Amino acid sequence: MRVIPTDIQDLYILEPEIFGDRRGWFFESWSQRKMEEAGITVRFVQDNHSYSARKGTLRGLHLQKGEAAQAKLVRCVRGAVYDVAVDLREGSPTYRKWAGVELSAENYRQLFIPRGFAHGFLTLRNDTEFLYKADNFYTPEAEAGIRWDDPELAVDWGEARPILNAKDSAAPFLRDCDFHFPYPSGACMPDDPPVQ
């Protein structure tokens, strides 16, 4: 598995090695040992699965506050998404910067998102299924969000009028939020460059 750094501190693309033959294919989607060798030390406790019927559906930007903060490993198993993570860790060299990556059933890529990030995705096809692991259990009272079109973040979603639910439509701007994340976050603190 290749661990590919992004332009954002501690945010990594994971690209598995695919073993295929006439029957189909196989790959490791997670290996605790390989991730620890790359400096990613996290223990996942919950898996989530979402389905979006229509292209242009936007879910985000979401996070959990305080002790309920989550590191995530996300991937698309049907269809395709444009996945976005925003660094909200005060003191990080990439504070308030974002990165976006296409994840699809065909490219097999995953994105590792440490604690202290907001996360969201836009579906690029109809009938898209999205999986993610989390290192902390969902806590309703710690749930928070940021407006998908916050001008302070200026995320380029490539879609001016996405399909949103009421909660995401009414999410506050970052300037009106009261959460704080330290840096480093504790979910991923590699000292050395990622291994290939």
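Before reading further, recall that the structure is shown in the block above.
Our subject in this report is the structure included herewith. Note that the structure is predicted; figures quoted are calculated from it, not measured. (Residues numbered from 1 in each chain as written. Predicted model: local features only at pLDDT ≥ 70, side-chain atom pairs only at ≥ 80, totals over all residues. Heavy atoms only, no water.)

Quick look at the packing of aromatic side chains
Any two aromatic rings considered together are summarised by their centre-to-centre distance and by the angle between their planes.
Here is step 1: Scanning all chains against the criterion turns up seven aromatic pairs.
Here is step 2: Arranged with centres 5.4 Å apart and planes meeting at 70 degrees, the rings of Phe27 and Tyr108 form a pair that is edge-to-face. Placement of the pair is Phe27 in the loop between strand S4 (24-26) and helix H1 (32-37) and Tyr108 in the loop between strand S9 (98-104) and strand S10 (110-113), with a sequence separation of 81 residues.
Here is step 3: Members of the aromatic cluster, joined through ring pairs, are Trp25, Phe27 and Tyr108. (Phe/Tyr/Trp six-rings, centres within 6.5 Å; stacked < 30°, edge-to-face > 60°. Helix = DSSP H or I, 4+ residues; strand = E, 2+ residues; numbered from the N terminus.)

Comments concerning the nonpolar core
Here is step 1: Counting residues in each nonpolar core, the largest one holds 20 residues, and the members touching the most others are Leu61, Leu63, Val86, Leu88, Ile146, Trp157 and Phe179.
Here is step 2: Core analysis: the second largest hydrophobic core is formed by 16 residues, Val74, Cys76, Ile113 and Phe130 among them. (Core = buried A, V, L, I, M, F, W, Y, C linked by side-chain atoms within 4.5 Å. Buried < 20%, exposed > 50% of the residue type's maximum accessible area, 1.4 Å probe, protein only.)

Quick look at the sheet that holds strand S12 (residues 128-134)
Here is step 1: Judged by pairing direction, the sheet is antiparallel, and its six strands sit side by side in the order S1-S2-S10-S7-S12-S5 without closing on themselves. Pairing within the sheet leaves two strands with one partner each, and these edge strands are strand S1 (2-5) and strand S5 (46-52). Neighbour to neighbour, the strand axes of the sheet diverge by 25 degrees on average, direction disregarded.
Here is step 2: Across four bridges, the pairing between strand S7 (residues 72-78) and S10 is antiparallel. Considered in S10, the bridge of Arg75 is made with Gln110. (Pairing = 2+ DSSP bridges. Axes fitted to C-alpha atoms, helices over the stretch in contact; angles between N-to-C directions.)

Things to note about the pairing of S1
Here is step 1: Pairing of S1 with strand S2 (residues 12-15), which is carried by four bridges, proceeds in the antiparallel orientation. Opposite Arg2, over in S2, you have Glu15 as the bridge partner.
Here is step 2: Connecting S1 to the next strand, S2, in antiparallel fashion are six residues, including Asp10 with a positive phi near 75 degrees.

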